[in-house]
Amino acid sequence: TSPPVSPKLTYLLLAFAVALIAAGAWLYTPDKSRAALEAKYATAPSQFVEAAGVRLHVRDTGRKDKDAAAIILLHGFGMSLHTWDAWAKALEPDFRVVRLDLPGFGLTGIDPTGDYTDARMLTVIAALMDKLGIARASIAGNSMGGRFAWEFAAKYPARVDKLILISPDGFASFGLEYGKRASVPTMVKLMQYVLPKPMLKSSLAPAYADQSRLPDDVVTRYHDLMLVPGVRGAIIARMEQLVLEDPVPLLKSIKAPTLLVWGEKDAMIPLSNAIDYQKALPDSTLVTFPKLGHVPHEEDPVQSLAPVRAFLLKR
């Protein structure tokens, strides 16, 4: 027979169990009210547009005359249309500027289909263009949004005027091979239940070369929009559904003039990837910023927009 458990050990085990439960309760991060988040982050000129069966959070600003050139801005992983605030304001005098929370992120929230593949994203973008009456536009994207941008240009060449890729995703990297689904670590899956703001801030900080340029209100916005009901589950679903394919054949098919924009201190997608893109893209130009990181449009919107604006206005 087993030896009896001492009262002291029983007390210690019970105390440990209580401590674990208390820690879990302290760290538990529930979703926030969608109504409250929309009241805070969907102020004018936000609108909600139904396209391809998804209720998309969209901002459609700037010129609306029939001769106005349009630009569509696609944000990166875990971000929202707010990442483009400064660029949008500066572009509005010359362009029709459309930005959206991509399905699975921000106030768009979940896609009712549960499909978060790249193919589905391209369908949604094309449907939004149709809904807004935009036959052709320049497309700009950062990181994951950059991957969607060049994939869209390859699939719908007649709908893309110019392409701006800001440290775009797409080439294989550590833990993500072509033709294989990446395994999502358990610790990542736990973010559905545990997402303290300091933890999120520590994951955002490497995107900035100068972390003093990541203000508290921006961290709060990122955190709030991760707590839109269903978003964390959708983010995990997207990670589970992602299967990268060798991008070179698609990139070689792209005819749109392309501007590659890279922060030389990018700690997420290295500058060396820019060389791979330049080799594959038939008509591309690279501009780099020595003191900026993965999100140059946030870190220094004035400096980073200057070559983009010149590129867009060049005829």
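Structure: see above.
Right, let's walk through the structure included here. It should be emphasised that the depicted structure is a prediction, and the values quoted were computed from it without experimental measurement.

Attention now moves to the pattern of salt bridges. Summed over the entire model, instances satisfying the criterion amount to 22 salt bridges. Note that D224 is salt-bridged to K32, the shortest N-O span being 2.7 Å. Of this pair, D224 sits in helix α8 (residues 216–226) while K32 sits in the loop between α1 (7–27) and α2 (34–41), and the two are 192 residues apart along the sequence. In this structure, the salt-bridge partner of K66 is D67, at a minimum N-O distance of 3.6 Å. One exposure class covers both K66 and D67, and it is exposed. A network of salt bridges, in which partner residues are shared, links K32, K40 and D224.

When you tally the buried positions in strand β3 (residues 70–74), you get five out of five residues, the bulk of the element. Here β3 pairs with strand β4 (residues 96–100) via four bridges, running parallel. The partner of I71 across the bridge, within β4, is V97. The sheet contact formed by β3 and strand β5 (residues 137–142) spans four bridges and is parallel. Note on β5: the bridge partner recorded for I71 is S138.

Residue A44 is joined to P45 through a cis peptide bond whose omega torsion reads 15°. The residue P45 is located in the loop between α2 and β1 (46–51) in this model. Of note in this structure, A52 is not a glycine but carries a positive phi near 55°. Checked against the element boundaries, A52 lands in the loop between β1 and β2 (54–62). One non-glycine residue, S167, adopts positive backbone phi at about 40°.

A word on the layout of surface pockets. In this structure, the largest pocket spans a volume of roughly 1500 Å³. For the largest pocket, the lining is made up of 44 residues, of which F77, V188, I235, M239 and M268 are closest to its centre. Counting residues per element, the ones that place at least two in the lining of the largest pocket are α5 (144–155), α6 (186–189), α7 (197–204), α8 and α9 (231–241). Of all the elements, α7 adds the most residues to the lining of the largest pocket, at four residues. Here the residues of the lining of the largest pocket are counted per class, giving 31 nonpolar, 10 polar and three charged.

Moving on to the packing of aromatic side chains. By the definition in use, this model includes five aromatic pairs. Between F77 and F105, the aromatic rings sit 5.6 Å apart at their centres with planes inclined by 75°, giving edge-to-face as the arrangement. Taken together, the positions of F77 in the loop between β3 and α3 (85–91) and F105 in the loop between β4 and α4 (118–132) put the pair 28 residues apart, joining distant regions of the chain. Residue classification places F77 among the partly exposed residues on the basis of a relative accessible area of 39%. A relative accessible area of 1% means that F105 is categorised as buried. Relative to Y156, the ring of F152 lies with its centre 4.7 Å away and its plane at 35°, an arrangement referred to as tilted. Of the residues examined, F152 reaches a relative accessible area of 0% and is grouped as buried. Look at Y156 and you get partly exposed, because its relative accessible area is 21%.

Take the packing of α7 against α8 next. Two numbers describe how α7 lies on α8: the axes approach to 10 Å, and their chain directions differ by 110°. As far as their axial angle goes, α8 and α7 are roughly perpendicular. Every residue of α8 that contacts α7 at K197, L200, K201 and L204 is listed here: D216, V219, T220, Y222, H223 and M226. The class makeup of the residues in the contact of α7 with α8 is five nonpolar, two polar and three charged.

Gaps left between atoms are located by rolling a probe of water-molecule size over the structure's atoms. Using the criterion set out here, one finds one cavity of 30 Å³ or more in the structure. As for the largest cavity, its lining consists of G78, M79, S80, F105, G106, R221, Y222, L225, M226 and V231. No other element matches α8, which puts four residues into the lining of the largest cavity.

So, how was this worked out
- Residues numbered from 1 in each chain as written.
- Predicted model: local features only at pLDDT ≥ 70, side-chain atom pairs only at ≥ 80, totals over all residues.
- Heavy atoms only, no water.
- Salt bridge = Lys/Arg side-chain N within 4 Å of Asp/Glu carboxyl O.
- Helix = DSSP H or I, 4+ residues; strand = E, 2+ residues; numbered from the N terminus.
- Buried < 20%, exposed > 50% of the residue type's maximum accessible area, 1.4 Å probe, protein only.
- Pairing = 2+ DSSP bridges.
- 1 Å grid on protein atoms, 1.4 Å probe; cavity = no way out; pocket = protein on both sides within 12 Å on 5 of 7 lines; lining within 4 Å.
- Points joined across faces, edges and corners; volume = space filled by probe spheres on them.
- Nonpolar A, V, L, I, M, F, W, Y, C, P; charged D, E, K, R; others polar.
- Phe/Tyr/Trp six-rings, centres within 6.5 Å; stacked < 30°, edge-to-face > 60°.
- Axes fitted to C-alpha atoms, helices over the stretch in contact; angles between N-to-C directions.
- Parallel < 35°, antiparallel > 145°, perpendicular 65-115°, else oblique.
- Contact = heavy atoms within 4.5 Å.

The values are spatial; any link to function lies outside them.
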